Amino acid sequence: HTHNELHLLALAQLSQAHGFDRVIEGINIYYQVDRKVKCYLHIVGDGPIRNQLENMVQDYKLEEYVIFHGYKGSKELDELFDKCDVGIGALAVFRKGSYKVSELKIREYTARALPFIYNAYEPVLENKKFCLKVPFDNSPIDIESLLEFNDFAKKNISENQMRDFAMDNFRCEKQFEKVFNVI
């Protein structure tokens, strides 16, 4: 990681509910003025809206900054995780009528100690320092706020804290415990 680059990782089966268009809109706005810090979005996965997102990137002339990787195997995915600073959770689940989700992707970000943004209601994540909740609407993602979040995360969040949190909250045993406690 260099000080003058921010690498975002968006990992998903690409659909409208992921709201990656919001990040692309935000990057477009960000680059309306000259920037010292370059922001890159790495989109891993495929899906029904990939062409739509690619067209958006071309229309905004952001090909240098938004990279479509398609599906990646574990070694290539590990390399992308190592390169990236902030993960992107699903940012538009409201488009399919949801407000609460249990996203596998943000659990993986946590287990791999990658700070991330999200916006659906996730009770276990509320007010955690390693994730940033962004507006629950269609507004463009504010890249400046991601730069600030990244700086904060680098100074205040240890990889072990995130991994321990994932072990304590996301393991199957923990989830089964909740079910058995109800029964």
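Right above here is the structure, for reference.
Below, the structure is looked at part by part. (Residues numbered from 1 in each chain as written. Predicted model: local features only at pLDDT ≥ 70, side-chain atom pairs only at ≥ 80, totals over all residues. Heavy atoms only, no water.)

## Quick look at the pattern of salt bridges
Thinking step 1. Using the criterion set out here, one finds 13 salt bridges in the structure.
Thinking step 2. The partner of Glu54 in a salt bridge is Arg50, with the nearest N and O atoms 2.9 Å apart. One end of the pair, Glu54, and the other, Arg50, are both in helix 2 (residues 50-59), four residues apart, so they sit about a helical turn from each other.
Thinking step 3. Arg50 gets classed as buried once you look at its relative accessible area, which sits at 18%.
Thinking step 4. A salt bridge links Arg163 to Glu159; the shortest N-O distance between them is 3.2 Å. Placement of the pair is Arg163 and Glu159 together in helix 6 (residues 159-170), with a separation of four residues, close to one helical turn.
Thinking step 5. By relative accessible area, Glu159 is classed as partly exposed at 47%.
Thinking step 6. Here the salt bridges share partners, and the residues they tie into one network are Asp46, Arg50 and Glu54. (Salt bridge = Lys/Arg side-chain N within 4 Å of Asp/Glu carboxyl O. Helix = DSSP H or I, 4+ residues; strand = E, 2+ residues; numbered from the N terminus. Buried < 20%, exposed > 50% of the residue type's maximum accessible area, 1.4 Å probe, protein only.)

## Quick word on the environment of Cys84
Thinking step 1. Within the element layout of this structure, Cys84 appears in the loop between helix 3 (74-83) and strand 4 (86-88).
Thinking step 2. Spatially, the C-alpha atom of Cys84 lies 19 Å from that of Arg35, the residues being 49 residues apart in sequence.

## Things to note about the side chain of Glu122
Thinking step 1. Inspection of the secondary structure puts Glu122 in the loop between strand 5 (116-118) and strand 6 (131-133).
Thinking step 2. Residue Glu122 is classed as buried on the basis of its relative accessible area, which comes to 2%.
Thinking step 3. Within polar-contact distance, the side chain of Glu122 engages the side chain of Arg107 at 3.4 Å. (Polar contact = N/O pair within 3.5 Å; in protein donor to acceptor, adjacent residues only side chain to side chain.)

## Here's the deal with the nonpolar core
Thinking step 1. Of all hydrophobic cores here, the largest spans 33 residues; its most connected members are Leu8, Ile24, Ile27, Leu41, Val66 and Ile88.
Thinking step 2. Those elements giving two or more residues to this core turn out to be strand 1 (5-11), helix 1 (20-30), strand 2 (38-44), helix 2, strand 3 (66-70), strand 4 and helix 5 (143-156).
Thinking step 3. The biggest single contributor to this core is helix 1, with five residues.
Thinking step 4. Ignoring sequence-local partners within four residues, the contact set of Ile88 consists of Leu8, Leu9, Ala10, Phe20, Val23, Leu41, Lys105, Tyr109 and Ile117.
Thinking step 5. Ranked by size, the runner-up nonpolar core spans 22 residues in total, among them Leu77, Cys84, Ile157 and Phe165. (Core = buried A, V, L, I, M, F, W, Y, C linked by side-chain atoms within 4.5 Å. Contact = heavy atoms within 4.5 Å.)

## What to know about unusual backbone geometry
Thinking step 1. The phi dihedral of Lys61 falls on the positive side, at around 55°, and the residue is not glycine.
Thinking step 2. With respect to the secondary-structure elements, Lys61 resides in the loop between helix 2 and strand 3.
Thinking step 3. Phi is positive for Ala113, close to 60°, though the residue is something other than glycine.
Thinking step 4. With respect to the element layout, Ala113 can be found in the loop between helix 4 (104-111) and strand 5.

## Points about a nonpolar patch on the surface
Thinking step 1. On the surface, Tyr99, Tyr121 and Phe136 cluster together into a nonpolar patch covering about 330 Å² of accessible area.
Thinking step 2. Considering the arrangement of structural elements, one finds Tyr99 in the loop between strand 4 and helix 4. (Patch = residues over 30% accessible without salt bridge, like charges linked within 9 Å, V, L, I, M, F, W, Y side chains within 5 Å. Areas by Shrake-Rupley, 256 points an atom, 1.4 Å probe, with all protein chains shown as cover.)

## A look at the packing of helix 1 against helix 2
Thinking step 1. Relative to each other, helix 1 and helix 2 sit at 5°, their axes nearing to 11 Å. When the interaxial angle is binned, helix 1 and helix 2 end up roughly parallel. Of helix 2, the residues touching helix 1 (which contributes Phe20, Asp21, Ile24 and Glu25) are Leu53, Met56 and Val57.
Thinking step 2. When grouped by side-chain class, the residues that make up the contact of helix 1 with helix 2 number five nonpolar, no polar and two charged. (Axes fitted to C-alpha atoms, helices over the stretch in contact; angles between N-to-C directions. Parallel < 35°, antiparallel > 145°, perpendicular 65-115°, else oblique. Nonpolar A, V, L, I, M, F, W, Y, C, P; charged D, E, K, R; others polar.)

## Observations concerning the pairing of strand 2
Thinking step 1. Counted residue by residue, strand 2 has six buried out of seven residues, so it is predominantly covered.
Thinking step 2. The pairing of strand 1 with strand 2 spans seven bridges and is parallel. What sits directly across from Leu6, in strand 2, is Cys39.
Thinking step 3. Once the chain exits strand 1 it traverses helix 1 before rejoining the sheet at strand 2, and the crossover so formed is right-handed.
Thinking step 4. When strand 2 meets strand 3, the two strands line up parallel, connected through four bridges. Considered in strand 3, the bridge of Ile43 is made with Phe68. (Pairing = 2+ DSSP bridges. Right-handed = clockwise from strand over helix to strand, strands pointing away.)

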